[in-house]
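Structural features, examined
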Amino acid sequence: MTTTGLDDAATRPPVAERRLHPVTPFRRAWAPVTVLAGWAVHDPNGAQEQVQRLTSAMLLTGLAVLVPAAGLYGFLSWWFTHYAVTDNELRIRTGLLFRRTAHIRLERIQAVDVTRPLLARVAGVAKLRIDVVGADKKDELAFLGEREARALRAELLARAAGFAPGAAREVGEAPASGLLRVPPRGLALSLVLTGATWGSLIAALVVPPLLWLATHSLWTVLAVALPLLGAAGARSAGRFVAEYDWTVAESPDGLRIDHGLLDRAHETVPPGRVQTVRIVEPLLWRRLGWVRVELDVAGSDNSVLVPVAPRAVAESVIAHVLPGVTVPAAPSRPPRRAGRCAPVRWRGYGLAVTDSVFAARHGLLRRHLSLVPHAKVQSVRLTQGPWKRLWRLADVHVDTGADKTVTARLRDAEEAARLLSEQAERSRTGRRDARPDRWMA
C-alpha cells in the first residue's frame, strides 16, 4: 500500500499564521462607539431623551465601562485575526464570537492595492485590499506595517503569476517605469474648468436673488445659498484631494497608480482585465486639448486611469492598457434623419469600428468616447422601437464583462444589422487571439 501522500502531509511544516500590526486594536476599538453613534443618528429624538435622563454620575460610570469595553473588544478582535499564505491560497481568519475563514485562491487574485489613510500614515501602517475574480467585495488586511504590506503585496502578485513560494519571496516588487504625472496646478485648473463647478456657482449666484424677490426672507436665502456654494467647493476640493499627485507607472504586474493628498492609495490596473476605456472631454477643456480617461475593470473598483492630461499623452497611456489599439480620430455620425428621433443630441453620437476595438461616442457638451476591445465583448444586441423603425434606424448594444453596456445609437438599420453579425465574428476571433490575463504573462 502506497502512503506517500500521507507521509508528505505529515512531514509538511505547519502554515505559519501572522497577526496584523499592533496598532490595529485602536482602530477596531471604535466599533462599539460607532454602533452607539449610528443609533443616535437613526433615532435622534430617542437618543436625546435617554441622554437627558442620565445624571453626571451615570455618564461617568458609563464612560468608565464603555472605554475599557471598547479597548477590550479591539484587543480581542485583533488577537483572533490571523492571516497566512499557503502553497495555493491566502487565508484570513477573523471573528471573536462568530468565526470566519476566507480562502482566497492565489490564481484568482487580480489586484492587490495598498492604501494609507492619513492617520495610518502617521502611525506608519497601511491597508492591503485584495481584489479577487468573481467577488463583489474586496477582502482586506487592516492594518499592516508599510514595509510588510508592500512585501506581502509583491509576494501575492508573484504567487498569482505562478512563481514558487520560495522564489516569490525573492522576486520582490517588480520594477516600474513612470508614464505620467499630473501636476497639482494642472489638476486644480482642470477642476475650475469643470462644468459641474460652474453650474453650482451660477446656481448660487442666480437662485438666492430670485428667492429674495419672492420671499424677502434672509434665512431662506442663506439656507439655499450656503449649500450651493458649499457643494461647488466640496466637489472640486474632494476631487483635488483624492487625485492629488496622480502618477501612472508601468510594471510587469500591470499599471500602477499612486494618488492622494491626505489618504495615499497605491492601486494596480490588472493586465487583461480592462473591459472598456472611456475618453471624457468636457466642453471647457477642448481649447486646451485636455481629456480624462476612465476604465471599466471586471470585478474591480478602479475607474480612473488619467484624471487630466493632453490628449496625445492620454492616448500614449491607453496604448499600454490596450496594446495595439489606436484611438479612432473621427467616429462617423448617424444619418441626418436621426434628428427626427433626437433633434439635438444626434450630433453627439458617433461610431467607429477598427480591427481591435468597437468605439462609440455620445455627448455634445461633455463628450464620451468608449473603446471596447473585441475580445471583451460578451454579447451584441440590436434594438429598434416603433419610431426608429419608421425612420429606418436602430441601436447596437455591446455588453462587456464588467456588466456595462456601450451603445452605438441611431445607426442606419441596414448598417446596424450588418454590424451585429460582423461584431459577433470579431468578438469570437478576438477572444481566440487575446493576450492571457495572468500576472506578468
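Coordinates for the structure precede this section.
Keep in mind the model is a prediction, meaning the values are calculated, not measured.

**So, the side chain of Gln-275**
If you trace the backbone, Gln-275 turns up in strand β11 (residues 274–282). A distance of 3.1 Å separates a polar side-chain atom of Gln-275 from the backbone nitrogen of Gly-401. Not counting residues within four places of it along the chain, the set of residues in contact with Gln-275 comprises Asp-296, Ala-298, Leu-371, Val-372, Pro-373, Lys-376, Thr-400, Gly-401 and Ala-402.

**Side note on the sheet that holds strand β19 (residues 405–412)**
Reading across from one edge, β17-β18-β19 is the order of the 3 strands in this open sheet, with antiparallel pairing throughout. Among the strands making up the open sheet, the edge pair consists of β17 (377–383) and β19. Taking the axes of each pair of neighbouring strands and ignoring which way they run, one obtains an average angle of 15° across the sheet.

**Observations regarding the nonpolar core**
One broad rule of soluble globular proteins: the nonpolar side chains tend to lie buried together. Judged by nonpolar contacts, the single largest core of 36 residues is most densely connected at Val-248, Val-277 and Leu-305. Those elements that provide at least two residues to this core are α9 (184–192), β9 (254–259), β11, β12 (290–297), β13 (304–310), α12 (311–321), β15 (357–362) and β16 (366–373). Ignoring any residue separated from it by four or fewer positions in sequence, one finds Val-277 in contact with Val-293, Glu-294, Leu-295, Ile-318, Val-321, Leu-322, Leu-369, Ser-370 and Leu-371. If you look at the next biggest cluster of nonpolar residues, it comprises 23 residues, including Leu-20, Leu-90, Ile-92 and Ala-102.

**Quick notes on the sheet that holds β9**
Spatial strand order, β6-β5-β4-β10-β9-β8-β7: 7 strands in an open sheet with antiparallel pairing. Each edge of the sheet is formed by a strand with only one pairing partner; in this case those strands are β6 (139–145) and β7 (177–181). Neighbour-to-neighbour, the strand axes of the sheet open up by a mean angle of 20°, direction not taken into account. The sheet contact formed by strand β4 (residues 109–116) and strand β10 (residues 264–269) spans 3 bridges and is antiparallel. Its bridge partner being in β10, Thr-115 is matched across the sheet by Ala-265.

**Description of the packing of aromatic side chains**
Counted according to the given criterion, the structure contains 6 aromatic pairs. Both rings, one in Phe-75 and one in Trp-79, keep their centres 5.9 Å apart while their planes meet at 25°; by these two values the pair is stacked. Separated by 4 residues within a single helix, Phe-75 and Trp-79 lie in helix α5 (residues 56–79), roughly one turn from each other. The partly exposed category is assigned to Phe-75, whose relative accessible area is 37%. Note on Trp-79: relative accessible area 37%, which makes it partly exposed. Note on Trp-387 and Trp-391: the rings are 6.1 Å apart at their centroids and 70° apart in plane angle, and the pair reads as edge-to-face. Here Trp-391 falls in the partly exposed class, since its relative accessible area comes to 24%. The aromatic ring of Trp-78 is capped on one face by Arg-19, whose charged end is 5.8 Å from the ring centroid. Lying over the aromatic face of Trp-79, Arg-19 brings its terminal NZ or CZ to 3.7 Å of the ring centre.

About the criteria used
Numbers given for residues are sequential positions, taken from 1 along each chain in its written order. Local features in this predicted model are restricted to residues whose pLDDT is 70 or higher, and side-chain atom pairs enter the listing and the counts only when it is 80 or higher, whereas totals over whole chains, interfaces and linings include all residues. The basis for every side-chain value is the complete set of heavy atoms in the structure, and neither hydrogens nor water enter the calculation. Numbering of helices and strands runs from the N terminus; a helix is a DSSP stretch of H or I covering at least four residues, while a strand is a stretch of E covering at least two. Any pair of nitrogen or oxygen atoms within 3.5 Å is treated as a polar contact; in protein, a donor-acceptor pairing is required on top of that, and neighbouring residues in sequence qualify only through side-chain atoms on both sides. By the convention used here, residues are in contact when the closest approach between their heavy atoms is within 4.5 Å. Strand pairing follows a simple DSSP-based rule, namely that at least 2 bridges must link the two strands. Here an angle of 0 to 180 degrees is reported between the N-to-C directions of two axes, which are lines fitted to C-alpha atoms, with helices fitted over the stretch in contact. As used here, the term nonpolar core means buried Ala, Val, Leu, Ile, Met, Phe, Trp, Tyr and Cys residues forming a set that is joined through side-chain atoms within 4.5 Å. For every residue, the accessible area obtained with a 1.4 Å probe (protein chains only) is divided by the maximum for its type, and the residue is called buried under 20%, exposed over 50%, and partly exposed between those limits. Pairs were defined over the aromatic rings of Phe, Tyr and Trp, the Trp ring being its six-membered one, requiring ring centres within 6.5 Å. Orientation was assigned from the angle between planes: stacked under 30 degrees, edge-to-face over 60, tilted for the rest. Any Lys NZ or Arg CZ that is within 6 Å of a ring centre and within 35 degrees of that ring's normal is treated as a charge sitting over the ring.

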